[in-house]
Amino acid sequence: MIVETFPAGPLGCNCSIVVDPGTKRCIVVDPGGDLDLIREKLKAHDAKVDAIVHTHTHIDHVGATAGVQRDTGARACIHEADRFLYDLLPVQAAMLGIAEPEKVEMEGSLVDDATLRFGEGEMCILHTPGHTPASVCFVVGKHVFSGDTLFRRSIGRTDLWGGDHATIIKSLKQKVLALPDDAVVVPGHGPETTIGDERASNPFLR
Ligand SMILES: [Zn+2]
Ligand SMILES: [Zn+2]
């Protein structure tokens, strides 16, 4: 599987392009902004986008969704429990002082334990609430796209709409740390890590 991750959008959200090398079918994770950059990367991989998926629905993770959808016709997906946050985009935009992104029809099709197929590739969905009620992680082979649930040596904040500290800790311990130590974690912001490194050294997971 080809995985390319790069910061995109006003808060440097990590956007990932996950491509099945045989068929070029692709899933875009968290297109936070910088549509032209995302276009360039998709073109470089000759990628055919099947789905645009979101680890959660904070504004910095959905900024370029409309543009990627218009270019590719791919479906855009969230976990249903974050729909209220998508409806709050104007409030999120005002709070950060940034422009409100164009809205799209979001499918609430990301459910726990479901699998999205793209060519020969499979993406498994883990519902990991806490940062937001519908935060999810995506697992593709050895890669885990953890959104703002798990960062290198840190975890997501839980003081925004619907966040809950006890819930994120439970999600991390029961679901995320159940993944193998050599799994590569691509967080929603900042550098990559591994499950083993975070199990050993993340101060929030002691
Ligand atoms: Zn967030
Ligand atoms: Zn974020």
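These remarks concern the structure in this document. Quick caveat, the model's predicted, so the values are computed rather than measured.

Cut-offs and rules
Residues numbered from 1 in each chain as written. Chains lettered and ligands numbered in written order. Predicted model: local features only at pLDDT ≥ 70, side-chain atom pairs only at ≥ 80, totals over all residues. Heavy atoms only, no water. Donors = N, O, S within 2.8 Å, 3.2 Å for Na, K, Ca; no water. Tetrahedral: all angles 85-135°; square planar, octahedral: opposite > 155°, others 65-115°. Helix = DSSP H or I, 4+ residues; strand = E, 2+ residues; numbered from the N terminus. Buried < 20%, exposed > 50% of the residue type's maximum accessible area, 1.4 Å probe, protein only.

### As for the coordination of the zinc ion (ligand 1)
Item 1. Bound to the zinc ion (ligand 1) are the protein donor atoms His56 (NE2), His58 (ND1), His131 (NE2) and Asp148 (OD), situated 2.1 to 2.4 Å from the metal.
Item 2. Geometry at the zinc ion (ligand 1) is irregular, judged from the 4 donor atoms that bind it and their angles of 89 to 169 degrees at the metal.
Item 3. All donors of the zinc ion (ligand 1) belong to a single chain; written as a sequence motif, their spacing is H-x1-H-x72-H-x16-D.
Item 4. Between the zinc ion (ligand 1) and the zinc ion (ligand 2), a spacing of 3.5 Å is present, and a bridge between the two is formed by Asp148. Here His56, found in the loop between strand S4 (48–53) and helix H2 (65–72), pairs with Asp148, found in the loop between strand S10 (143–147) and strand S11 (150–151); they are 92 residues apart in sequence, far enough to count as distant. Of the two residues, His56 and Asp148, neither departs from the other in class, the shared state being buried.

### What about the coordination of the zinc ion (ligand 2)?
Item 1. On the protein side, the zinc ion (ligand 2) has Asp60 (OD), His61 (NE2), Asp148 (OD) and His189 (NE2) as donor atoms, found 2.1 to 2.6 Å from it.
Item 2. For the zinc ion (ligand 2), the 4 donor atoms in the first shell make angles of 84 to 159 degrees at the metal, so the coordination geometry reads as irregular.
Item 3. Along the chain, the residues donating to the zinc ion (ligand 2) fall in the pattern D-H-x86-D-x40-H.

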